[in-house]
Amino acid sequence: MEFPAVLFPSYFSVGPPREEGGPGPAAGWGEYGQVLEAGPRRRQAETTFVPRRGGTGESWEPADAAAVPFLPPNASCWIPSLVPQDILYRGVLRRKLQAGKTGAALDFTKQLSHFFVDHPEDAFGSLGRLLHKNFYLGNSKLRVSVHPGVTMLPPTLPLAAASPSLCLFSPQRQARDNTIRMTALMEEIGRLEARCGCPRQRLAPRLRWFSHLCRDWLFEVPLGLLADCVHEELLLQWASLLFDDSSTGGALAWLPPKDVGARMGRLVYPGGQAMNHLYFQDVVLEELPRARGSPAQFELNGHIRQVAAARADGEDFVGVRSDYHCGVWRVPGRTGAAPTPLQVIRTSVPASCLTVSPHLPGELSVCTQSGAVYLWSVERGLQRLRHDPQTMFFRDHSPWRWSDFTAHPRVLSCADRTGLQCLDARAPERCHFDLFKVGEEAGCQQGERVVLPMYLGRAHPSQHLVTTQFSVYVLDERLPLVPVLKWAHMMKAPPLFAHLTPGGPERSHKVLLGASHTQELLLLQYQGERWGFGSACQLVGPPQKLHSIAGCLQHLPVQLPHRHHMLQQRLGAPAAGLAAALQEDGLRESLLVFQLSEAGDVFCQRLTHEAAQPPAPTSGDEAMPAPGSSPLFETPASSPPALRSEEEEEEGEEEEEEEQTFYFPAAALRYRRWLKALSEGCGEPPRHAYPATLSQKRLFTRKELATPAGPSTLHEQLRRQLRQTMREGGCIQRWDPLASQPCTPPQPLELAGDADPLSARLTAAWSGDWGQWWEERTSFNMAQRQRALRERRRRQKRARGRRSLSASFTSSLTYQSELSELSDTAPTSLSPGPPAVVPREGSPPAGVPPASPLPDEALLSSQSLRCRGIPKERRKTLRDYLAVWADDPSEPPELPGSQASQLCIPSSQSQLSSASQPRRKRPRMGF
Amino acid sequence: SSHEHKLNFKKSKEVCLNYIQDAMLQKQWKRAAEFLTFYIESLEKDFSTAYMGPSEMIWRIGTEILCHHSHSSMKQFNSFIEQMKTLGVKRYLKVCLEHTFHLLCNGLIDEAYQNLSLAESWRFGEQTAIQDKEMKLIQAYRGLLDYYSWSKQKDILLEHGQNGFEDLSVEQEMHSCFRKAAVNLKEIIKIPGVWDLFVKCYVDLLEFYGDHNEACQVLNEYAYNSKFPANPNAHVYLYQFLKRHGESKKSLISALKILHDIVPSHELMIDFNTMLQKSKKRKKRQLGLEVIFAALDYAGWKENVKAWSCLARQVKQIVISEKHLDWIKQEWNSRKDWWPAFHFSRYLAKRNWQENESLSYEKALVAGILLGKDCKYFKYVSHQGCKAQVKRFRILKKFVNKHNPVYLRISG
């Protein structure tokens, strides 16, 4: 490989980078950089020039409008990754901070309080148990009496949350001596919570006093230590949100066919719930690549971060890196031979890099975050080449290290964020030279850091690619420090993945760059030295953006909102790897680009090479429809959406006919299958993705449900109202007492007299005047009581003829709204908001009993009711209420709203069953 | 409010820029051009002090679009660039330089020259360091173009000279071109950098006018000044110059020795090795062996028949003479743990035999001597060679069998 006879001119200076501020948003366009005489000069002929950037490249056009699923969706319930909103502070402080431009504010207090609420046992367990006898939370004065003192705290106070079940009676004499009354403090806390987010929020002196008093001893883990840990974790999470380098290199590898022209290659990728399964899948290269047979599978004990592969001596060696383990597999040359695991090493510090030698079989290089670089040979074991926790050229905090092979099999390149060095493995201390430095040598910007180095050996034995967050560089080992090529890539996220497809003589080399969070994919072409007259490296053709996985969303048929949201999340998962396969089919060439997402899905797209194009300037938009504008699923205007994943089952025979109308039938079929598999398999695990519906069977007895034979007048009325509202485009808010009510409220079921207080109360609640009902129940005011009686009679008259609650659709609406309010896990609800009913002044203190999964006799005992914080005056109501079940044991029990909702939403139940209780608790319709 | 208005304006500017970028990255130049016309509005309120303001972006994006747009013409391009030149003072020189490149790549050398002269005469206040560099480059490129016209006239003159008549005006013009070129080229190559093109041209000028000392000095400076990057070409040019002027073997060897030290894989190493092998001094012959072994360490040389035959020849010589076997041993010691897998595996034997018979012959010879007659590579190739009834392989087999004890001495 000859060194270019003439290099492009460039200045060379040393020192730290001088340019500030990073490159502008369009820095990669419109520059030729430098020019050079093209080829040897001939006599009398005009000299011709070639630019460093901007020459004509090859034309590779996307064949489809979007990336197509290559494999069925990864069978796992993918948990969407953390988003900034989860840990950032929102509110006044943040606004203040933003004004001062201090960057993101981590919501440390919220996370810490989450910890206290979610894990009270861990936070306060033992002291809570010790102290609960000494804290009195009742309303009455604390004095010596025969009544037992009860320790009962509302669930929000972590102290008691730790031991809600411990409701022991203590002999009051002791209690009098050792018990203090905490009620006022609790009220203070309650008020504080109510004012949450208020800018004028001040800590009450009592609270300050309490916290000063307790800070040192109350916590199971010393608060300072705990806070440090939480804060550290928050910082780590935030740092990894900003930039996660653990997947550098990518976890997808393509093992090309053994013989040129063969059509069967192998794709190596991770999968499974924890991305800890390694798959080797045979792939047949066709119009759309097809998986053949089932993949060879290995289960590993760690999240696979990187899969690296190289071919040495006719065999593929695949290196797999997880945080603390690295393994190497050999894939024999013959087709169909099973891959064999060769060796595994364990590291005490997470490994940050694993590369496979393209020169010698069974050699790899490993770097760990402690700054160590190893040459790992399957035969000879590990050889440490360097151990330096400090970065090479200037100080940088990142522990990330990288290492790769060079043109010399015994010389390895080592990289950290500040640059690259080459070391001779035979004498690593003595023999090394600097290959790349973040500095003036390469014309870097201030703040620029190495993101991914890659050895370009398959294109040219002495060339290396270095990407930073701003630019890509091509370096030649023979001319260290001076990049032979530099280009500002303008990607929104730093390119963590790169893939090289070498071009033959007189052809350009294709480099694919991929970013993780934004899923960006960029295709670059560069031309190395041509044979004969060695010419310098040139970037040719304009850079080209390829389809991202998320980009296919717009081509999919319209989905239900929740499904759309789910798909958006799934398809928008950060990318985790990149691979490409060159397919030569006679004269036709195409490049298949595979992209792996963090959810474990593999997508694929095809680029076709148009060799016949004249060397005239490319005219992309005139010749063919703009990529992306052609619909993936094109259907006649009149027909329903072609791809109805909802109606998959019914379609059956129609499918065949309908497919003819697809623009790209094969791709559409792939999508159809993928979507189906996704919705069937794991796609819908978050239960709250469903609209919050409630089976009425659980709410009402069969008898009640069966009653209405035909449409009643109320039905008619409500239908009319519904239609009218729909016409007006408004919404029905039955619970809004202020809103004008165009029709009478749905009438409650009235059973004989006062026989069933529960029904009475529920009906009152539904009709919107439950507050009044409460007054009736509790008030000693005779006048009021009489008025109430009159009112009831009036209602009775009106409601004659209807016997069932189910006749009222608003009732179910109310239930849903309650439900959404109750369970944290069900934020989606049909109701536009929580009921706008505010308890009147003087109404009993609002507090919801912590609902138990199933009522039993113990529940009805006054003791246990008291334990659950239910005031005495309400206990009877509840007992009556619960007694309803006992009336008809054959029927499925009707549960009160809160309990019913729990049965329907098991996720919230599991939350409740633990010591903690729903975090947010609002005053709502009490019992 | 005005603040909100500003924010909205900024936001829509960003959105527009995103659309442009998107279109360009998908090669939809027409669409990008349409969006760019909207984006130009952003110039109206360009109060930004950012490093790259909208005017620079418009220049860059516009240039790129015009380079690829199917309906653009050189005239349009020129008028666009002229507008861009007036848009930003700080960027004037950069835009001029890029414009020149565009003209040069399209073969418009005279226009490019005019453009450079114009840019050179431009003055605006105090120059920043970057502008200073750009100005120097502009002058250097003008010098380069002067050099090309000089060499054209030189060619004409030489042709005329052959025909037997002289043309004074052409000669005078040629000399003036020389002066203009020499002044500018001399300036730039003083500054640290990679100036292969300019150095070559300058040396050519000097050599034509017989100023060998100056040329030699320039080349030495370019190769050995530590402020310059370690450019292998600098050493190559020096070596070629020395060779052209018939310098002594010693100075040639010392020039190549330095090249060997910085780039052991340079293609001139074969010349170097041949030169050293011919030498009578033992030390130089030993260096020759070292050089060829070092070159073959590199992946790029794996299939280089010339290099393998150089090594095979020298190894054969040493084995036959039975002197200096320790040289081989010394070189082999640091390689015996990885060369067998790197060069002499059975897989490679098969492939080399299929693809390049003479390569496999040379390699088999080396393998047979270094690894003995039982080595996989040698066994496979010699077996295949004998099967194919190729005479030299039979001789090879005999030779290796005869000298097998050498292997024991080397590996021992």
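Computed from a prediction, not measured in an experiment: that's the story for all the values here. (Residues numbered from 1 in each chain as written. Chains lettered and ligands numbered in written order. Predicted model: local features only at pLDDT ≥ 70, side-chain atom pairs only at ≥ 80, totals over all residues. Heavy atoms only, no water.)

Some thoughts on the overall build of chain B
Broken down by element type, chain B carries 22 helices and 1 strand. Relative to the 2.2 N^0.38 estimate, which gives 22 Å for 412 residues, the radius of gyration of chain B is 31 Å and therefore markedly larger than a compact globule would have. Across its three principal directions, the C-alpha atoms of chain B cover 95 × 65 × 40 Å. In chain B, which comprises 412 residues, the proportion classed as buried is 52%. Of all intrachain contacts in chain B linking residues separated by at least 6 positions in sequence, the fraction that spans at least 24 positions is 60%. Looking at chain B, you have 61 positive and 46 negative side-chain charges, and the mean spots of the two groups are 13 Å apart. (Helix = DSSP H or I, 4+ residues; strand = E, 2+ residues; numbered from the N terminus. Rg over C-alpha atoms; globule rule 2.2 N^0.38 Å. Buried < 20%, exposed > 50% of the residue type's maximum accessible area, 1.4 Å probe, protein only. Contact = heavy atoms within 4.5 Å. Lys, Arg positive; Asp, Glu negative; His and termini not counted. Charge placed at Lys NZ, Arg CZ, Asp CG, Glu CD.)

Brief notes about the sheet that holds strand β27 (residues 471-476) of chain A
All names here are of chain A. The strand order across the open sheet formed by 4 strands is β25-β26-β27-β28, and the pairing between neighbours is antiparallel. Both edges of this open sheet fall to β25 (450-455) and β28 (485-488), since each of them pairs with a single strand only. For this sheet, the mean angle separating the axes of adjacent strands, direction not counted, is 15°. As judged from the 4 bridges shared by β27 and β28, these two strands associate in the antiparallel manner. Each residue of the ladder has a partner; that of tyrosine 473, found in β28, is lysine 486. (Pairing = 2+ DSSP bridges. Axes fitted to C-alpha atoms, helices over the stretch in contact; angles between N-to-C directions.)

Considering the interface of chain B and chain A
Between chain B and chain A, the residue contacts involve 78 residues of the former and 70 residues of the latter. When chain B packs against chain A, close to 6,600 Å² is buried across both sides, 58% of that on carbon and sulfur atoms. Applying the counting rule to chain B against chain A returns 5 salt bridges. The partner of glutamate 64 of chain B in a salt bridge is arginine 53 of chain A, and the shortest N-O contact between them spans 3.0 Å. The interface formed by chain B and chain A includes 27 residue pairs in polar contact (both at pLDDT 80 or more). When residues in the side of chain B that touches chain A are grouped by element, the largest group, 14 residues, is from helix α7 (residues 129-163) of chain B. Split into classes, the residues belonging to the side of chain B that touches chain A amount to 42 nonpolar, 17 polar and 19 charged. Judged from the 2 bridges that link them, strand β1 (residues 10-11) of chain A and strand β1 (residues 193-194) of chain B form a sheet pairing that is antiparallel. What sits directly across from tyrosine 11 of chain A, in β1 of chain B, is glycine 193 of chain B. (Buried area = accessible area lost by both parts, 1.4 Å probe. Salt bridge = Lys/Arg side-chain N within 4 Å of Asp/Glu carboxyl O. Polar contact = N/O pair within 3.5 Å; in protein donor to acceptor, adjacent residues only side chain to side chain. Nonpolar A, V, L, I, M, F, W, Y, C, P; charged D, E, K, R; others polar.)

Quick notes on unusual backbone geometry
You will see that leucine 481 of chain A, though not glycine, has its phi angle at about 75°, which is positive. Along the chain, leucine 481 of chain A turns up in the loop between β27 and β28. Using a relative accessible area of 17% as the deciding quantity, one classes leucine 481 of chain A as buried. Of note, glutamine 389 of chain B is a non-glycine position whose phi angle comes to about 60°, a positive value. You can see glutamine 389 of chain B is positioned in the loop between α20 (376-387) and α21 (391-402). Accessibility expressed as a relative area gives 61% for glutamine 389 of chain B, which makes it exposed.

Some remarks on the packing of helix α19 (residues 357-371) of chain B against α20 of chain B
Residue and element names in this part refer to chain B. Where α19 meets α20, the closest approach of the two axes is 8 Å, and the angle between their N-to-C directions is 135°. Considering the angle they form, α19 stands oblique to α20. Pair α19 / α20 crosses with left-handed handedness. For the pair α19 and α20, the contacting residues are Ser360, Lys363, Ala364, Ala367 and Gly368 in the first and Tyr377, Phe378 and Val381 in the second. A breakdown of the residues in the contact of α19 with α20 according to their chemical character gives 5 nonpolar, 2 polar and 1 charged. (Parallel < 35°, antiparallel > 145°, perpendicular 65-115°, else oblique. Left-handed = near helix turned anticlockwise from the far one by under 90°.)

Observations regarding the sheet that holds strand β30 (residues 509-515) of chain A
All names here are of chain A. The mixed open sheet is built from 5 strands, whose spatial order is β4-β32-β31-β30-β29. In this open sheet, the two edge strands, each paired with only one partner strand, are β4 (53-55) and β29 (495-501). For this sheet, the mean angle separating the axes of adjacent strands, direction not counted, is 40°. Direction of pairing for strand β31 (residues 521-527) relative to strand β32 (residues 538-545): antiparallel, over a ladder of 5 bridges. In the sheet register, leucine 523 faces β32, and the bridge partner there is glutamine 544.

Here's the deal with the pairing of strand β10 (residues 264-271) of chain A
Every other side chain in a regular strand lies on the same face of the sheet, so the side chains alternate between the two faces. All names here are of chain A. Among the 8 residues that make up β10, 7 are buried, leaving the element largely enclosed by the rest of the structure. As judged from the 3 bridges shared by strand β9 (residues 253-255) and β10, these two strands associate in the antiparallel manner. When the bridges of β10 are listed, alanine 253 appears paired with valine 268. Bridging between β10 and strand β11 (residues 277-284) involves 8 bridges; their strand directions are antiparallel. Residue pairing across strands places arginine 266 opposite aspartate 282, the latter belonging to β11. The loop that links β10 with its antiparallel partner β11 comprises 5 residues; one of these, glycine 272, has a positive phi angle of about 90°.

Quick look at the pairing of strand β18 (residues 363-368) of chain A
Residue and element names in this part refer to chain A. Counting buried positions along β18 gives 6 out of 6 residues, so the element sits mostly inside the fold. Pairing geometry for strand β17 (residues 351-356) and β18, over 5 bridges, is antiparallel. Paired with leucine 354 across the strands is valine 366, a residue of β18. Linking β17 to β18, which pair antiparallel, is a turn of 6 residues; within it glycine 362 sits at a positive phi near 75°.

Looking at the environment of phenylalanine 70 of chain A
Residue and element names in this part refer to chain A. Within the fold, phenylalanine 70 resides in the loop between β6 (68-69) and α1 (84-87). Given a relative accessible area of 5%, phenylalanine 70 falls into the buried group. Each C-alpha atom, one on phenylalanine 70 and one on cysteine 604, is 5.6 Å from the other, the two residues being 534 residues apart in sequence. Residues contacting phenylalanine 70, with those up to four places away along its chain left out, are Leu267, Val283, Pro289, Arg290, Ala291, Phe594, Val602, Phe603, Cys604 and Arg670.

Nothing here speaks to function; it is geometry throughout.
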